[in-house]
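# What the coordinates show
Okay, here's what each chain looks like letter by letter:
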Amino acid sequence: MTAAQAPLRLGTRASQLALTQSQHVADALTAASGVPVELVHVSTFGDRSTEAISQLGGTGVFVSALRDALNSHTVDLAVHSFKDLPTAAAPGLTVAAVPPRQDPRDVLVARDGLTLGELPPGSRVGTGAPRRMAQLRALGLGLEVVPIRGNVDTRMGKVTSGELDAVVLARAGLARLDRMAAVTEVLDPIQVLPAPAQGALAVECRTDDTRVRELLAALDDPSARSCVAAERSVLAALEAGCSAPVAAHAELAEAEDGSAELYLRASVTAIDGSDGVRGSATGPAVEAEALGRRLAEELLDRGAATLMALGR
């Protein structure tokens, strides 16, 4: 077997969602290149711990072990949920592909088929994300928002068992796991704005691995990459991690001159829901990161730093 035909080793977390996402990337890569791909399970600190993500240190708890495996040449590429990646670049590594993105919105899985507005005051709603906690509290519906951990089925099981009245999850994960039948409402971003890069995957490899970078180029979706770049630029400029109550969502449209244009929305909400700032900005897709920085500066001018500090 020649070097060009050698199987690629894809590093992945062992959760059902991570394996499903990684197998999707593996299949797409083999279909595009003819090169076989084998999955290599990597245990991360975030998987082993039962503590809340905010207590673990947030950004990076699901990522560092995969990056260690790349740097040690144990694997050739790794698949991450993009929203788990720290905004700072990792020396020697590069995100070589951002595949087409799933719908980034959040969804409700509630008892008796209820929607968010139909849940009676005092209902217990579970989520693991401070961003969701803050935005749910800000809606003023009188819900009791409960922090939870666990995989998708574990979280949904808390509703089935009656421990919780509802849970809020990312639509993308349920779609990839074929669990959309359990969804009782897809939440409007006007109510609950998604996390930066939610629904997107990041396929990372060593920067100096020319072969893998060239193979992964076939999986890259420029539209998804632009939207994610704008959203994560907001996060970086706010100096916030994935455990901060920061939301951002970019959409791509065609400008009057035919060029690609981004419409970006972002928000920062106090963890108790008592206050928040939202803003939006529009600009060329080729200036995605600058657009995100500009919107972040506007939010900072309106008190975003104080709101983030309240949740620490």
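Rules of the game
Residue numbers restart at each chain and count upward from 1, following the sequence in its written direction. Thresholds applied to this predicted model are a pLDDT of at least 70 for local features of residues and 80 or more for the giving and counting of side-chain atom pairs; totals over whole chains, interfaces and linings are not thresholded and use all residues. To obtain the side-chain values, all non-hydrogen atoms of the structure were included, while hydrogens and water were left out. Secondary structure elements are taken from DSSP: a helix is a run of H or I of four residues or more, a strand is a run of E of two residues or more, and numbering for both begins at the N terminus. Our radius of gyration is a C-alpha quantity, and the globule rule it is checked against amounts to 2.2 Å times the number of residues to the power 0.38. Burial classes: relative accessible area under 20% of the type maximum marks a residue as buried, over 50% as exposed, and values in between as partly exposed (1.4 Å probe, protein chains only). To estimate how far a helix should extend, the number of its residues minus one is multiplied by 1.5 Å. Here, residues are in contact when the closest pair of their heavy atoms is within 4.5 Å. Two N or O atoms count as a polar contact when they lie within 3.5 Å, although within protein this holds only if one can serve as hydrogen donor and the other as acceptor, and sequence-adjacent residues are included solely when both atoms are side-chain atoms. Here, strands pair whenever DSSP counts at least two bridges between them. To get an axis, fit a line to the C-alpha atoms, keeping to the stretch in contact for a helix; angles then go from 0 to 180 degrees between the N-to-C directions. Points on a 1 Å grid, built from protein atoms alone, make a cavity when a 1.4 Å probe fits but cannot get out and make a pocket when they are open with protein on both sides within 12 Å along at least 5 of 7 lines; residues with an atom within 4 Å of a point are the lining residues. Grid points are joined across faces, edges and corners, and a volume is the space filled by probe spheres set on the points. Should the near helix be turned anticlockwise from the far one by less than a right angle, the crossing is termed left-handed; should it be turned clockwise, right-handed. When residue character is reported, Ala, Val, Leu, Ile, Met, Phe, Trp, Tyr, Cys and Pro are called nonpolar, Asp, Glu, Lys and Arg charged, and the others, Gly included, polar. Between Lys or Arg on one side and Asp or Glu on the other, a salt bridge is scored when a side-chain nitrogen of the former is within 4 Å of a carboxyl oxygen of the latter. For every residue, the predictor assigns a confidence score, pLDDT, that lies between 0 and 100.

### With respect to the overall build of the chain
In terms of helices and strands, the chain carries 11 helices and 13 strands. By the compact-globule yardstick of 20 Å for 312 residues, the chain fits well, its C-alpha radius of gyration being 19 Å. With respect to the three principal axes, the spread of C-alpha positions in the chain is 65 × 50 × 35 Å. With 312 residues in all, the chain has 51% of them scored as buried.

### Looking at helix H9 (residues 222-237)
A rise of 1.5 Å per residue sets the reference length of H9, with its 16 residues, at 22 Å; its end C-alpha atoms lie 22 Å apart and thus fit the reference within 8%. Turning to H9, its buried residues are Ala-224, Ser-226, Cys-227, Val-228, Ala-230, Glu-231, Arg-232, Ser-233, Val-234 and Leu-235. On the buried face of H9, the contacting elements are strand S11 (246-254), strand S12 (260-269) and helix H10 (288-301). The N-terminus of H9 is capped by Asp-221, whose side-chain oxygen sits 3.1 Å from the backbone nitrogen of Ser-223. In the segment just after H9, Glu-239 is the residue with positive phi, at about 55 degrees.

### As for the sheet that holds S11
In space, the 3 strands of this open sheet follow the order S11-S12-S13, with antiparallel pairing throughout. With partners counted over all chains shown, the strands left at the sheet margins are S11 and strand S13 (276-284), one partner each. Mean inter-strand twist for the sheet, computed between neighbouring axes without regard to direction, equals 15 degrees. Looking at chain direction, S12 and S13 are connected through 9 bridges and run antiparallel.

### Digging into unusual backbone geometry
Most peptide bonds take the trans configuration, and most residues that are not glycine carry a negative phi. Of note in the backbone geometry, His-73 takes a positive phi value of approximately 65 degrees without being a glycine. When its relative accessible area of 46% is taken as the criterion, His-73 is described as partly exposed. Even without glycine at this site, Asp-112 takes up a positive phi of about 60 degrees. Considering the arrangement of structural elements, one finds Asp-112 in the loop between strand S5 (106-110) and strand S6 (124-127).

### Comments concerning the layout of surface pockets
Once rolled over the atoms, a probe with the size of a water molecule shows which space is left empty. In this structure, the second largest pocket occupies an estimated 420 Å³ of space. For the second largest pocket, the lining is made up of 21 residues, of which Phe-82, Thr-87, Val-95, Arg-232 and Glu-289 are closest to its centre. Breaking the lining of the second largest pocket down by element, the ones donating at least two residues are strand S4 (93-97), H9 and H10. If you tally residues by element for the lining of the second largest pocket, the top one is H9, at 6 residues.

### Brief notes about the packing of H9 against H10
The contact between H9 and H10 brings their axes to 7 Å, and the two run at 35 degrees. The way H9 lies across H10 gives a crossing that is right-handed. Where H9 abuts H10, its residues Ser-226, Ala-229, Ala-230, Ser-233, Val-234 and Ala-237 lie against Ala-288, Glu-289, Gly-292, Arg-293, Ala-296 and Leu-300. In terms of residue class, the contact of H9 with H10 is made up of 7 nonpolar, 3 polar and 2 charged.

### What to know about the pairing of S12
Of all 10 residues in S12, 7 are buried; the element is thus mostly enclosed. Of the strand pairs in this sheet, S11 and S12 are connected by 9 bridges, and their pairing is antiparallel. The residue bridging Ala-247 from the neighbouring strand is Ser-267, located in S12. The hairpin turn running from S11 into S12, its antiparallel successor, is 5 residues long, and Gly-258 in that turn takes a positive phi close to 90 degrees. What sits between the antiparallel neighbours S12 and S13 is a turn of 6 residues, in which Gly-273 has the positive phi angle 80 degrees.

### Things to note about the pattern of salt bridges
If you walk through the whole model with that rule in mind, you get 18 salt bridges. As a salt-bridge pair, Arg-124 and Glu-144 come within 3.1 Å of each other at their nearest N and O atoms. You can see Arg-124 sitting in strand S6 and its partner Glu-144 sitting in strand S7 (residues 144-147), a full 20 residues away along the chain. Relative accessible area serves as the criterion here: at 28%, Arg-124 is assigned to the partly exposed category. Under the relative-accessibility criterion, Glu-144 is labelled partly exposed at 40%.

### Some points on the confidence of the model for the chain
With 91% of its residues at a pLDDT of at least 70, the chain reaches an overall mean of 91. Scored below 50 in pLDDT, residues 51-59 shows 22 contacts in the model against residues more than four places distant or in partner chains.

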